[in-house]
Protein chains: 2
Amino acid sequence: MKAEWIYYPGDFEVKTVNVFNSRRYERDAVIPPIWQSHAVAPDVKFAKQFTLKKGEWIEIKADGTFNIEIDSPDNFVKDFDRMIYLDKGTHSLTIHVFCHDGRVPCVYVNGETIKSNREWYCSVLDGDFVHVGYGGFYDGAQSPNEFTLAYQEMPYVSKEVKDGYILYDFGKETFGYLKFTAFNGVGGLEIYYGESKEEAEDFACCELTDKVNFSDGETRTKITKAFRYVAIKARAGAQYDNVRCMHEYNPQPTQAQFICADGLINDIWDISMHTFGLNTREFFIDGIKRDRWVWSGDATQSYLINKYSFFDLATERRTIVALAGKGEMKRHINTIVDYTLYWLISFYDYYAYTKDKAFLTLWEKRFGEILEFCLSRVDSSGFMRSDPAEWTFIDWNDALTKDSEYYSFIQMLLYKALCSANRVYSVLEDGEKAARYQAQADALLQRIQKTFYDKEKGAFTHSLIDGKSDGRIFRQSNIMAVLYGVADEKQRASILKNVLLNDAIPATTTSYMLFYEYSALCELGAVDVVLPLMKKYYGGMIELGATSFWEYYDPKQSGAEHYAMYGRKYGKSLCHAWGATAIWILGKYVVGLSPMEEGYDQILLRPRLDLLPAFEATFPLKEGQVSVKWLDGALTVRSSLDGVLEIDGKRIAIVKDETITVE
Amino acid sequence: MKAEWIYYPGDFEVKTVNVFNSRRYERDAVIPPIWQSHAVAPDVKFAKQFTLKKGEWIEIKADGTFNIEIDSPDNFVKDFDRMIYLDKGTHSLTIHVFCHDGRVPCVYVNGETIKSNREWYCSVLDGDFVHVGYGGFYDGAQSPNEFTLAYQEMPYVSKEVKDGYILYDFGKETFGYLKFTAFNGVGGLEIYYGESKEEAEDFACCELTDKVNFSDGETRTKITKAFRYVAIKARAGAQYDNVRCMHEYNPQPTQAQFICADGLINDIWDISMHTFGLNTREFFIDGIKRDRWVWSGDATQSYLINKYSFFDLATERRTIVALAGKGEMKRHINTIVDYTLYWLISFYDYYAYTKDKAFLTLWEKRFGEILEFCLSRVDSSGFMRSDPAEWTFIDWNDALTKDSEYYSFIQMLLYKALCSANRVYSVLEDGEKAARYQAQADALLQRIQKTFYDKEKGAFTHSLIDGKSDGRIFRQSNIMAVLYGVADEKQRASILKNVLLNDAIPATTTSYMLFYEYSALCELGAVDVVLPLMKKYYGGMIELGATSFWEYYDPKQSGAEHYAMYGRKYGKSLCHAWGATAIWILGKYVVGLSPMEEGYDQILLRPRLDLLPAFEATFPLKEGQVSVKWLDGALTVRSSLDGVLEIDGKRIAIVKDETITVE
C-alpha cells in the first residue's frame, strides 16, 4: 500500500461540500444551502501500532499544528524536523493534529514500511478510535486541503459589440471563471451571465452577475459560474484587451464513447456527456447555474449514469459521504424525505458496482443511523410518515397531489432501502441485522400490496387519505413499483398497459422522473418505445438550440418561456445532471451492459441489436473497459473483465482481454 | 438595549477555548487537550421579527459571507452595501452567515430601533431556532472573532551575562511574549523560560523553550508563555539591543483591595491577587505554565474567588459555556467524573451570585443534558458510578485510594448537583423537574448517610469495596459533607473534631483541596484556626521566594524538589489559580461578605472582628462595590447594594450608598 493522506472519516467531504454548497449565487446574493452544514472536527488523533524488523526513518506531515507521541503517553517528540527515526521493534505512533482555521486535520506518514493508509485509526478524543477516512490523496506534497478541480483556458467563439456592452458567446454551456488580460487599472466591469443569450442581455433579471474592479487590482472573477453567454459593461475608464474563460472541470481519465447510425441519438449522447461532465464537479451535483448544491436524489441517478460514462468512484464516494453528514440525524438529507431513502439505496448500490467492502465497513455506523432515523418515522400505520412540515419531493409535476402524510412512492423507496440494508449487513456478515431488515422489508411489501394496489385500475395508488387509499394513479409510484421489485409479474404487465402507456395518466415532464420512467419501460422490455420518446424529448431541446440538457422541458412552452421556473424569468437550469439520462438508457438497455452479479467482477452483456442498425460503444469498468461494436451484422466484444454475452437467449462466455465476434 | 454582536450559543466560547487550549507547550511540542475539542457551526441563520413605527436605515455587518432575507423566503437583498432601508410596518429579517475558515459566524445589526441583541433567534438549519449567544461585544467595529486580551510592555528588572547566555529576571511571575528591538537579521535566538531561576538555566529540562529566527524576520516569540526568568542564547551572529516582555492580561476595571495589620497576610493577599489575575485569561484557567487548559474543577473555585476579586462575569460566563461543550455528551467534562458535577454546581452558583435568569434560560437544555449524562451513571446501587477507565480526581494526594467505582465524595457532589438542579428549574419555573430532582437529591442523601456515615469514627467513609463501605476516612469527602449540606449538625461537629482537626488523618497538600478544607473549617466557625494555617502554608511559599502561589506545596520538600511534579524536574506549576484561595477566605470569612439571598441583590456582612486588630477592604459587587474598614474599634461600611450587617448576633440595615459606622 502506498502512503496517503488520512483524516477523520467524512471531514474532508464535509468541508469540501460546505465550501461547494456555499458558492451558489443569485446575482450578488450568496445562497447557502437550506439544510445544516456540518463542521469538521478541529482536533484529531491518528494512531497505529506496528513492528519494525529494522530501524527506519519516517517522514511525517500534517495540516495544522501537531505533536508526535511515540510508544507511551506523553512521550512527545522534541525538536521535530520533518522525519523521525524508529528502532526495530514494536511501536505505537500517535499524531495529534489540530486546525482551528477550518482546515481538515490530516496527516501523511511515509517510511520504508510505515505509511499512513486505510489501516490507521483516528479519534476526536470522544473515547472512540475509528478507522480513518481517505480520499485517494497519494501525493505527500498536496494535502486534501489543497484539493481543487482542473482548469483549462477556453476562448469565446464570437463577440458582438452592442450599445454599452459587449456580448461574448463561448459556443456552448460551460463553467468557469473569467480572466482579463491587458486590463487598465481604472474603474471596473459589470458582468451579466446567461445560459441563453436572452438571459445574458437581460441585465435586470439574469440569474448570475459579477463585478470586477480593475481599480482594486482584480483581473478575474472570483467564483466559478455557469454560462454560455456573457455580457460585459465596462464602467467609465475600464479597459481590457481580452477575456477568456478558465473552464473548471473534474478530469476523467476514461470516458465512455457511443456512436451509432442515428445522428440525433449521437447528438443526444454527446450533449448528455457534456451535461454530465459539467455536473460532475467536486461532487455529483444537480445543476451548475441556479441549483449548484449536492442533492441526494439527483446524485443517486448520477451514480448510475457514472457507471456508463466515467466510472469515477472517487467523486461517487465523496458525494455519498458528504450527503451522509455528521452528528445527530435531526432532519432528512437535503430536508427531503425521499432523498434520505435514496441515500440508503445508493449506499448499497455503490457496493453492488464495486465490491468495495472497506467503504461499507467504514460507513456502516452512519448507514445504521440514517436507516434507523427513517424507521423511526414508521408509525402505527405500518408506513413511513412524511410530516407535513417536511418536503416530500417525489417529482416536480403539477398534477401530483401532496396532501397526505403517507405516499406509496415513499413506502416503495423504504422497501428498497430495507432490501439494501439486508444486502449491506449480509456483506458485513451481520446476519442478525440482515435478517431483521429483510423481515421488515417483507412485511412492508405485503402492506404496500394490500393497501395501495388497486386491482380494478391495475396499478398502485398514490397516497393515504384518512387512512385509506386515495384511488389516484400517477406514473411515479408505479415506476418505482416496477424498478424496486414491488410489483409482481402480472402487476408489471398491468402497469405497462394501464399507466406507462396510458396517455390519460399525467405525463412526466422532468428528466428526473424520465430517468426512472424510461428505465421502467426498458425493464419491461419496451426499449423500442423508449428510444423514440428519448429522441423526441431530448431532440426537442436540441431543436431549441440546447448545448446541454435542462432541468425541465415542456414541449408545449415556447420561446423564452422555456427559461422560466420557480417564478423567475431564468430560474430554470439549462444544464442539469438528470438531463444526462440517455447515457444510462443507451448503456444499460441498448448496449445492454450490467454487472453479472453483486460486486461487478464480471459483466453481463445483453445488447438490443434490433433497434439500431449499427453502433459502437466503449464503457469504462472498475478495471479497464469494455468495447462493443455492432456493424454489418457482426457483434464484436472485448472486455477487461470476464463475463457473459447473452443474445437471443444464448449465453456466450466473455474471456477478459480476448475479442469475441458473433456473426 | 444597545446593539451587540450575536452568534450561535457557545460558538464563540468553543472556538476561543479551542485556540486557548491548544497553546499549551512542552518545549517545542504542542500539547492539545486530552478531551474532545468541539467545532463551531459553519452556517448560521439569525432572525428577528419586529414592527417599525417609521422607516429606518439599518446597518448590517457579519463575519463570513452572508445574505439578507427580508419578509419572505428567497427575498434576498441585492446589491447590498452596508445598510438596508426598511419601511414602517411589520418585518422579518433573516441573515444567513457562513464561515468555512474556522471563524464564528456572527452578526451586528444597528438601526435606530432594530438592533442585534439577546432577543434574536438563530438556527444551524437543524429545524430549531434558539436564542442567540452573546459575549458583550458592543463595538460594531470589533467582532467576537477579533477578541484578544490586553498587552502592556514590561521591562526586565535585572540581567546577568553568563557563559554563553544572558539571564533576565522580570522580577515576578508573568505571562506574555518577548519582543526584541534593534535586532540584527542574522541567525537567531534560543530561549529557555523558567518560573524559577533553576528552571531557566536548566536548558535540557526547562518546560518551555522558544526560538526566534532573526534571519526569517522574526522579532518576537509567537506564543505567550509563563515565566519569571528567561535565559537567552544567541546563535552565531544574532544580535539585539533589548528584550522586553509584552505582558498579556485580562483587564479588570475593578479589583478588590485588602490590607490589614498583619504584613504576612497582606503579602498573601497581594500574591493571591497576582496569581489569580495571571490565571484569569480568556477563561479562568488552572495554571499558566505547564497546565494552561480550562478545567471545570479549578474554574469552580475561580468563580467563587472571582466574586471577591474582580466580579468578572464575562470571563465567568465564557468559562461555563466553554466547558459545557456541544453535541452528544460522550465523556465527562475534562474527562473527569467530579468535574462534570462541579460544572452542574457552578451553573447554579452563577445564578445565585447574579440573578441572571437569561443565562439560565439560554443554557437550560445543555444543563439538562449534562445532568442526565451524570444520572445515567447512577446504577442499581443507587450511586453514581466512576468507570475504572475514567478519571476520578477528587484531589492529588498519595494517601487517597482510587480502587473503587463508588466514592462518597462523588455522591456528595451529585447530591449538591441535584440540589442545584432543583434551584435551576425552580428559577425557570419548571416545577415538575424541580420537584423530581429534589426528590432524587433527598433519596441520595439518605443513601449516603446510610451507606457512608461511620458512627464509630464519627465521619464519612471513602468508598465502596464489594458493595460495602471501606471504612477509610479521608478529609476530602468529609469536607464536602460539611460544605454541600450532607452532614447534619451533630455530624459537622464530629467531622471538625475527628477529621479536620485530627492529625492522624492524611493532611491536605494541594491548594485545591485546601480551598475546600479552609472553607469547611470556616463554615464550622474555626476561622481562627484557618488564619494561622493559611499563614503557615502560603507563608512557607513566600519564604521560598514565591511571587505567585503554586499548584502544590509540601513543606517537607526542599530546594529544587519544590519545582518537580509529574515525574518532571519542573513539572509543577508555580502559578496556579487554586493558590489564590486566601482571597476567598479573607473575603467570605474574615470580612464576612456574602449574598443575602439567591441572586445577590443584597449583601450580608458578618465580619470577624476578633481576628485582626485592623483591616480595610473593598470588594466589587455585581453593581458597584462594598468597602469595609475596621480600625481603632470602629467598623465603617459603605455599599452600593442594600444589605444587612451582622455583628454579635445584632442585625443592622445597610442602605445603599450610605456610610454606616459602628463603634
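Predicted, not measured: the structure shown is a model, and the values here were computed from it. (Residues numbered from 1 in each chain as written. Chains lettered and ligands numbered in written order. Predicted model: local features only at pLDDT ≥ 70, side-chain atom pairs only at ≥ 80, totals over all residues. Heavy atoms only, no water.)

J.: Outline unusual backbone geometry, listing residues and values.
T.: Residues and elements named next belong to chain A. The backbone of Tyr-600 shows a phi angle near 60 degrees, a positive value even though the residue is not glycine. For Tyr-600, the position within the fold is in the loop between strand S25 (593-595) and strand S26 (603-605). Under the relative-accessibility criterion, Tyr-600 is labelled buried at 1%. (Helix = DSSP H or I, 4+ residues; strand = E, 2+ residues; numbered from the N terminus. Buried < 20%, exposed > 50% of the residue type's maximum accessible area, 1.4 Å probe, protein only.)

J.: So what about the interface of chain B and chain A? Which residues, and what values?
T.: Taken together, the contact between chain B and chain A spans 44 residues of the former and 44 residues of the latter. Note on chain B versus chain A: buried area summed over both sides is about 3400 Å², and carbon and sulfur give 55% of it. Inspection of the chain B/chain A interface yields eight salt bridges. Put simply, Asp-128 of chain A and Lys-330 of chain B hold a salt bridge, and the shortest N to O gap is 3.3 Å. Connecting chain B to chain A are 20 residue pairs in polar contact (both at pLDDT 80 or more). (Contact = heavy atoms within 4.5 Å. Buried area = accessible area lost by both parts, 1.4 Å probe. Salt bridge = Lys/Arg side-chain N within 4 Å of Asp/Glu carboxyl O. Polar contact = N/O pair within 3.5 Å; in protein donor to acceptor, adjacent residues only side chain to side chain.)

J.: Which residues make up the relation of the copies chain B and chain A, and what values go with them?
T.: When chain B is fitted to chain A, the best match, at an RMSD of 0.1 Å, comes from turning it 180 degrees and sliding it 0.0 Å along the axis. A rotation of that kind, with that shift, is consistent with a two-fold axis. Taking C-alpha positions as the reference, the residue of chain B nearest the rotation axis is Gly-102 of chain B, at 2.0 Å. Of the residues that chain B buries at the interface, 100% are likewise interface residues in chain A, meaning the two copies contact each other through the same surface. (Least-squares fit on C-alpha atoms with pLDDT ≥ 70 in both.)

J.: Explain the side chain of Ser-408 of chain A to me, and be specific about the residues and the numbers.
T.: Residue and element names in this part refer to chain A. Relative to the assigned elements, Ser-408 resides in helix H8 (residues 408-427). Taking the relative accessible area as the measure of exposure, Ser-408 reaches 0% and is therefore buried. Here Thr-461 takes part through its backbone oxygen, which lies 2.6 Å from a polar atom of the side chain of Ser-408. Discounting residues that sit within four places of it in the chain, Ser-408 has contacts with Phe-452, Thr-461, His-462, Ser-463 and Ser-477.

J.: Would you mind going over a nonpolar patch on the surface in detail, with residue names and values included?
T.: There is a patch of nonpolar side chains on the surface, built from Trp-57, Met-83 and Tyr-85 of chain A and spanning about 340 Å² of accessible area. Along the polypeptide, Tyr-85 of chain A turns up in strand S7 (residues 83-86). (Patch = residues over 30% accessible without salt bridge, like charges linked within 9 Å, V, L, I, M, F, W, Y side chains within 5 Å. Areas by Shrake-Rupley, 256 points an atom, 1.4 Å probe, with all protein chains shown as cover.)

J.: Any chance you could break down the packing of aromatic side chains for me, citing the residues and the numbers?
T.: For the structure on display, the rule yields 121 aromatic pairs over all chains. With centroids separated by 5.4 Å and ring planes inclined at 20 degrees, the aromatic side chains of Phe-515 of chain B and Trp-584 of chain B adopt a geometry described as stacked. Remark: Trp-584 of chain B occurs in helix H14 (residues 581-590) and Phe-515 of chain B occurs in helix H12 (residues 511-523); sequence separation between them is 69 residues. Note on accessibility: Phe-515 of chain B and Trp-584 of chain B belong to one class, buried. For the cation-ring pair, Arg-292 of chain A lies above Phe-20 of chain A, with the distance from its terminal atom to the ring centre recorded as 5.8 Å. (Phe/Tyr/Trp six-rings, centres within 6.5 Å; stacked < 30°, edge-to-face > 60°. Lys NZ or Arg CZ within 6 Å of the ring centre and 35° of its normal.)

J.: Outline the pairing of strand S4 (residues 43-52) of chain A, listing residues and values.
T.: Residue and element names in this part refer to chain A. Of all 10 residues in S4, seven are buried; the element is thus mostly enclosed. The pairing of S4 with strand S8 (residues 89-98) spans 10 bridges and is classified as antiparallel. Counted as the bridge partner of Gln-49 is Ser-92 from S8. Across three bridges, S4 lies against strand S10 (residues 121-123) in antiparallel orientation. By the bridge assignment, Lys-45 is partnered in S10 with Ser-123. (Pairing = 2+ DSSP bridges.)

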